[in-house]
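# Structure assessment
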Amino acid sequence: MIVKLYKSRTLGTDPIASRLLSQLHAGGYRTIKAIRLEQVLRAEGDISDIDALKRLFHHPLLETVGQRSRLNSKKPIVEVTYQRSMTDPELDSIMHAAASMGICGLVWVRLSTRYEFTGIGRKEASKLAAQFFYNPLVQTLLIPGKEWTTLVPQGEPGGVEQIDLALMSLRQLRKFSDDRLLHMPSEQLLAVQKFFIREGRPSRDAEVEMIAAKWSDHCYHTTWKRLGLLEYLRKTTEKINHPLVVSAYVDNSGVMRFYDGWALNSKGETHIFPTFGVDPYCGIMTKHGGVIRDIISTGQGAWPWGGTTVMATCDPRIARSRVPKGAFHPQFVLHESIRGTHDYTNPMGIPMMWSQYLVHPDNWKGLALGHSFGILPENKAKKGVPLPGDFVVLIGGPTGNDGIHGATSSSGNMTAKTRTADAASVQIGMPIEERKIMEATPLLRGADCIRACQDCGAAGLASAVGELGEACGVWLNLAWVPLKCAGLKDYQIFLSESQERCILVIPREKLPLALEILADYEVRAAVIGIFTDTRRCQVVNSPEMNQGLWSSHPTAQMSGTIAVDLPYSFLNSSCPLPKIKTRKPAVQLKRFQPRVPQTESQWVRLVCEHLAHYNICDQSEAAHRYDQTVQGNTVRTYIGGADDRMPDDLSVVTPLRGHSHGAGTANAVNQFYGEISPSVQGRLVAAQAFAKLVAAGFGPDDITLCANVYSPRATDSPENAWRLKALVKRGYGPASAILGAPVITGKDSSSGTFITKNGRRIDAPLTLDINALGRMPEVGRLIPKPFRKPGDTIVLYHPGLRKLRLGGSVFYDLFHERGSELSQLDLRQLRLGLERYHRLTEAIKCIRSQSVVCEGGLIRRLFEKGFGSGLGCSVRLPGDSLQWLFGEPGAAVLFTTDLQTFTYFEANDLHVLGQVTAEPAIEVFASNQKRLFKASLEEFSCGWSKTFAEVVQ
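So, here's what we can say about the structure. (Residues numbered from 1 in each chain as written. Predicted model: local features only at pLDDT ≥ 70, side-chain atom pairs only at ≥ 80, totals over all residues. Heavy atoms only, no water.)

### A short note on the side chain of Gln671
- For Gln671, the position within the fold is in the loop between strand 27 (662–670) and helix 24 (678–695).
- The exposure class assigned to Gln671 is buried, which follows from its relative accessible area of 4%.
- Here Asn363 takes part through its side chain, which lies 2.8 Å from a polar atom of the side chain of Gln671.
- Among the polar contacts made by the side chain of Gln671, one reaches the side chain of Thr767 at a distance of 2.9 Å. (Helix = DSSP H or I, 4+ residues; strand = E, 2+ residues; numbered from the N terminus. Buried < 20%, exposed > 50% of the residue type's maximum accessible area, 1.4 Å probe, protein only. Polar contact = N/O pair within 3.5 Å; in protein donor to acceptor, adjacent residues only side chain to side chain.)

Have a look at this one:
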């Protein structure tokens, strides 16, 4: 028997329906007058207590539930559910809750959502649903009158496909790659063909899929290896030989030494392709899920204590008519990215340490970046190595057909067909499942149950088990992999990126204890294989094997269907790197000189417009949707001040219970500087992140860096390749060496190219994000950002600043200009100057407040420090008014003090600007003592408060 319950909102406005309606209106579908939503629970089994099922399904104060629909059947209604072959992600939670309530006889449940439209016809409603409301690779429309007779997943397994590559021409190989969405270049296809000719056999589908994922730019970093960038960064970090570096470039994340035998780890990862190409909501959720798993699966397991989200789109206020076919409207991406971050990080119980939203006109395939930070014992922080005889244990959610071709699709261009062709590459995020893994991991680590671990990210088991098996060899039986989707082919089980799953390498003698701990935390666990001494990756599907008997005497048995049998000597050393030419762009940079305001009112209007720029305006509307204090150890949030809307420069927590040792993160990102000089972009961004921590009280020797680069495709553009090399080899690479802050982790993504339907190429802007991670022995040393006391002296300290320019600034972007010259820094002098600053803060603690002047310039920091404190200031600029107000020096420290002498500093590096005032206003004088303007903080905050709020509301 199948029971159906219909649930709808009764109290107040349905927020989900309202959001959908506003998004459709913003997208140009204004004929829709209203949308009503109804959820349906289908429950199969011998269910006697339907009233208890109703209590389980709805909130009695907000919702109505019954066995009949409340929607108007005369209006267009579409119903969306997961495909019949799939298990609903909510199944386990519902079954567990039902058992707790004493509901017996429940066999299976499914959820669906019904949408009722007012103002359009049934045909248009179905079209809209297919375009916006479901992913056809994992979901389906329920047709009225065609009810399923059973809710249990149905399907037929597909087995293994034999593919004879030997006689294929290069043209046929390319078509084969395109048809299977492998995105393999010709050199790789020919290398694979040559290998199987030498083997004297056809390839199996799972083998080709594994090779394509393994050799993809996303996993193998083919672009960076060809350009010599990955090895350059590794060697640069080795030369720095920083005493705090525990692990770099060998594990899921980088690790630095903390205090009392503990270590901190960090990682940043992008999910650009699924976010901008297929499904922004799922793309953002799995962005967070993936990078959190990187933290958990480092060494023998870590505990996450913080994360970030950084999003860059085109302007969300752009007209619908200007959106290229195949791209999402940026407002839709923005809304869904905020919702995805909220829906993933909050249930995980991990504080948000930073959120930032940027615009650039070329971000049709924009930036979706997230960081995660964790803590683990230093003696458990090194990457583990499996030994022959260790068990392969898969933990977490069951495997489905979501996330197929994620690694290969992420390595290709985005086109007008991406949303339909590559839709299966998007995973379904499951934060509660990952939370259980997160809680169980420290206990497993403490009991010495984990020899090594790896998350199932890109390419799923093929990547996770495949990489772990490189040390000795591995054997898997796909028949033992728990599935949520019936009818999966072997290659789909092996390559699926379904969330949230990890691989544990567990010694045989520790298996019973490990399974007991995992069961205590309700984490699914399945022994699916064993590590061998064969130096091969061997995968079978042998359902006739008895897992219990095998576990007592585990061996690699090549019985049943063989899906993969490949030597690691081929997988690891035979990938041909692309041929990439480099050529310096012949770009004529255009100088720009904006008109200088002539009256006070013109100055005030210009400053108001500047502060209202999307990149630097008040973004607390999003920030306050993310929990910043959930673990109870947050010392400083990135949004603070008098009314919790002032953006701070960093976040700080005390990750060790009962200790006041601080861990702080500061983020710097830029998409404008690279259009003028990628090398200077690299130096400025690295200096900004580094200086933000030092200015707040962190020691210059207690900082490591995470660098994430997003670049347009370089394999077919010598100019893009040149820019990328300049950014790394002449930019942030040498900057990290000079500053003494090693880059210990990060991720490159070289696929930032969108091809429109008419063939026009749109390259994403060259983007660099640097996240600095620092340690502090005592958080009482932290220096706040807001002004503290009227009468304090305001000082601008800018060691190493050689030129202050407006090129690449947020200010120039107001005029849709970039300019021709960036500010110039002498990084050696900057390092020496910040050392002097730090010694001063430790010696006499005279710095009352601080902030680093970077994007948005001096006027932005004066305003934020005033807004966060309710105090004002009166300052005199040391030179050219536009440059000193709006220029972006990169790493200048704006601090306040009660010092009367500044003999601690070099005179050329410091300007005394003025004083903090009790009146909440900003008064600015030119260098010739002429007053330029004076206005209240309230007046300046009007546009600053509205820009982002109006977009997201």
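Back to the write-up after that little detour.
### Concerning the sheet that holds strand 27
- Ordered by their spatial adjacency, 6 strands build an open sheet running 23-26-27-32-28-29, and the pairing between neighbours is mixed. Where the open sheet ends on each side, the last strands, each with one partner, are strand 23 (634–636) and strand 29 (743–749). Within this sheet the neighbouring strands show an average axis-to-axis angle of 20°, counted without direction.
- Pairing geometry for strand 28 (residues 703–710) and strand 29, over 6 bridges, is parallel. (Pairing = 2+ DSSP bridges. Axes fitted to C-alpha atoms, helices over the stretch in contact; angles between N-to-C directions.)

### Topic: unusual backbone geometry
- Backbone geometry at Asn241 places phi at a positive 50°, although glycine is not the residue there.
- Examined against the element boundaries, Asn241 turns out to sit in the loop between helix 10 (229–240) and strand 9 (245–247).
- Residue classification places Asn241 among the exposed positions, given a relative accessible area of 63%.
- In this model, Arg535 sits at a positive phi of 60°, which is unusual for a non-glycine residue.
- Considering the arrangement of structural elements, one finds Arg535 in the loop between strand 20 (525–531) and strand 21 (536–541).

### Description of the packing of aromatic side chains
- Summed over the entire model, instances satisfying the criterion amount to 27 aromatic pairs.
- Plain terms: the ring middles of Trp475 and Trp480 are 6.0 Å apart, the flat faces sit at 75° to each other, and that makes the pair edge-to-face. The residues Trp475 and Trp480 share a single accessibility class, namely buried.
- For the ring pair Phe811 and Phe886, a centre distance of 4.1 Å and an interplane angle of 5° mean the geometry is stacked. Within this pair, whereas Phe811 is found in helix 26 (residues 810–813), its partner Phe886 is found in helix 29 (residues 881–886), the two being separated by 75 residues in sequence. As far as burial versus exposure is concerned, Phe811 and Phe886 are alike and both buried.
- Among the aromatic residues, ring-to-ring pairing joins Phe592, Phe811, Tyr812, Phe815 and Phe886 into one connected group.
- In this arrangement the basic side chain of Lys7 is found over the ring face of Phe57, its NZ or CZ atom lying 4.5 Å from the centre.
- Lying across the ring of Phe672, Arg818 places its NZ or CZ 4.0 Å from the centre. (Phe/Tyr/Trp six-rings, centres within 6.5 Å; stacked < 30°, edge-to-face > 60°. Lys NZ or Arg CZ within 6 Å of the ring centre and 35° of its normal.)

### Let's talk about helix 6 (residues 186–199)
- Under the 1.5 Å per step criterion, the end-to-end length of helix 6 is 20 Å for 14 residues, consistent within 8% with the ideal 20 Å.
- Looking only at helix 6, the buried set comprises Ser186, Gln188, Leu189, Ala191, Val192, Gln193, Phe195 and Phe196.
- Buried residues along helix 6 sit in contact with helix 5 (170–179), strand 8 (203–204), helix 7 (205–214), helix 9 (222–226), strand 22 (561–567) and helix 21 (568–573).
- Just past helix 6, the residue Gly200 takes up positive phi, approximately 75°. (Expected span 1.5 Å × (residues − 1). Contact = heavy atoms within 4.5 Å.)

### A word on the layout of surface pockets
- Within this model, the second largest pocket holds a volume of roughly 1200 Å³.
- Lining of the second largest pocket is provided by 49 residues; of these, Cys219, His221, Asp251, Glu467 and Lys747 occupy positions nearest its centre.
- Looking at the lining of the second largest pocket residue by residue, the class counts come to 22 nonpolar, 14 polar and 13 charged. (1 Å grid on protein atoms, 1.4 Å probe; cavity = no way out; pocket = protein on both sides within 12 Å on 5 of 7 lines; lining within 4 Å. Points joined across faces, edges and corners; volume = space filled by probe spheres on them. Nonpolar A, V, L, I, M, F, W, Y, C, P; charged D, E, K, R; others polar.)

### Quick notes on the pairing of strand 28
- Counting buried positions along strand 28 yields 8 of 8 residues, so the element is predominantly enclosed.
- In strand 28, alternate side chains face the same way, and those of Ile703, Leu705, Ala707 and Val709 on one face and Thr704, Cys706, Asn708 and Tyr710 on the other are all buried.
- As judged from the 8 bridges shared by strand 28 and strand 32 (residues 767–776), these two strands associate in the antiparallel manner. What sits directly across from Tyr710, in strand 32, is Thr767.
- Note on the crossover from strand 28 through helix 25 (residues 718–739) to strand 29: the handedness is right-handed. (Right-handed = clockwise from strand over helix to strand, strands pointing away.)

### Details of the environment of Asp627
- Counting through the fold element by element, Asp627 comes out in the loop between helix 23 (620–623) and strand 23.
- Take Asp627: its relative accessible area is 31%, and that puts it in the partly exposed class.
- The spatial distance from the C-alpha of Asp627 to the C-alpha of Ile503 is 29 Å, given a sequence separation of 124 residues.
- Apart from residues no more than four positions distant in its own chain, Asp627 is found in contact with Asn346, Ile350, Pro351 and Met352.
- A polar side-chain atom of Asp627 sits 3.0 Å from the main-chain amide nitrogen of Thr629.

### Comments concerning the sheet that holds strand 40 (residues 921–925)
- Read from one edge to the other, the open sheet built from 7 strands follows the order 36-38-33-39-37-40-41, with strand pairing classed as mixed. The open sheet has two free edges, formed respectively by strand 36 (847–853) and strand 41 (931–936), since each of these has just one partner strand. The average angle at which neighbouring strand axes cross in this sheet is 20°, direction not considered.
- As defined by bridge partners, strand 36 adjoins strand 38 (residues 892–897) across 6 bridges and the pair is classed as antiparallel. Among the inter-strand pairings, Ser849 is bridged to a residue of strand 38, identified as Thr896.

### Quick look at empty space enclosed by the protein
- Under the defined criterion, the tally for this structure stands at 11 cavities of 30 Å³ or more.
- Roughly 260 Å³ of volume is contained in the largest cavity.
- Forming the walls of the largest cavity are 26 residues, and the residues nearest its centre are Trp354, Ser355, Gln356, Pro647 and Arg860.
- Secondary-structure elements contributing two or more residues to the lining of the largest cavity are strand 13 (352–359), helix 23, strand 27, helix 24 and helix 28 (857–869).
- Its residues placed into classes, the lining of the largest cavity shows 11 nonpolar, 7 polar and 8 charged.

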